[in-house]
Amino acid sequence: MAPDPGPGIDGRDPSARRQVETLGVADVVVSILEARKEKPWANAAAVWRQRRGDIVHVRVILMESASAPSPGPGGAGQEGRTEVIREFAARRLGEDLITAFGGKDVIILS
């Protein structure tokens, strides 16, 4: 039996979390493009990261507007709809994603 990966960024059920060795920009972009097929209301996306021990948790969120979302489900304080489309648990981030984040923990794509 695989060890319990623990809660997601906000304590949600981790069942939808994808565990990867290295997470790169391509993984995030493919997640966004696939989800956009069924969510045409989305005009922007956000990518959040949070380090917990040796694992980096990354959440990909589709948004109706490009203002910064709340990290919690439903995007409290967010104008318009938001939906978490993917969560990753990565041992490390690829250099491309490290560069994209820079010194921040959130990337907004609009």
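About the cut-offs
Residues numbered from 1 in each chain as written. Predicted model: local features only at pLDDT ≥ 70, side-chain atom pairs only at ≥ 80, totals over all residues. Heavy atoms only, no water. Helix = DSSP H or I, 4+ residues; strand = E, 2+ residues; numbered from the N terminus. Buried < 20%, exposed > 50% of the residue type's maximum accessible area, 1.4 Å probe, protein only. Contact = heavy atoms within 4.5 Å. Areas by Shrake-Rupley, 256 points an atom, 1.4 Å probe, with all protein chains shown as cover. Pairing = 2+ DSSP bridges. Expected span 1.5 Å × (residues − 1). Arc of directions from axis to C-beta.

Colleague: What should I look at first to understand the overall build of the protein chain in this one?
Modeller: Looking only at helices and strands, the protein chain features two helices and five strands. Ordering the α and β elements of the protein chain from the N terminus gives β-α-β-β-β-α-β. Expressed as a percentage of the 110 residues in the protein chain, the buried residues total 41%. When contacts within the protein chain are restricted to residue pairs at least 6 apart in sequence, long-range pairs at least 24 apart make up 60% of them. When the accessible surface of the protein chain is totalled, it reaches about 6300 Å², and 52% of it is carbon and sulfur.

Colleague: How should I be thinking about the environment of L109 in this particular structure?
Modeller: Tracing the chain through its elements places L109 in strand 5 (residues 106-109). Taking the C-alpha atoms as reference points, L109 and S67, 42 residues apart in sequence, are found 9.9 Å from one another.

Colleague: Help me understand the pairing of strand 3 (residues 55-63), please; the structure alone is not making it clear to me.
Modeller: Successive residues of a regular strand alternate their side chains across the two faces of the sheet. When you tally the buried positions in strand 3, you get eight out of nine residues, the bulk of the element. Here strand 2 (residues 44-52) runs beside strand 3; their pairing, made up of nine bridges, is antiparallel. Counted as the bridge partner of W48 is R59 from strand 3. The sheet contact formed by strand 3 and strand 4 (residues 82-93) spans eight bridges and is antiparallel.

Colleague: What should I look at first to understand helix 1 (residues 25-36) in this one?
Modeller: One turn of an α-helix holds 3.6 residues; hence residues three or four places apart share an orientation. Spanning twelve residues, helix 1 covers 17 Å between terminal C-alpha atoms, matching the ideal 16 Å at 1.5 Å per step. For helix 1, the set of buried residues is V28, S31, I32 and A35. The buried residues of helix 1 occupy an angular sector of 95° when projected down its axis, which confines them to one face. Away from its buried face, by an angle of more than 90 degrees, helix 1 presents the exposed residues A26 and L33. Summarising the contacts, the buried residues of helix 1 are in contact with strand 2, strand 3, strand 4, helix 2 (95-101) and strand 5.

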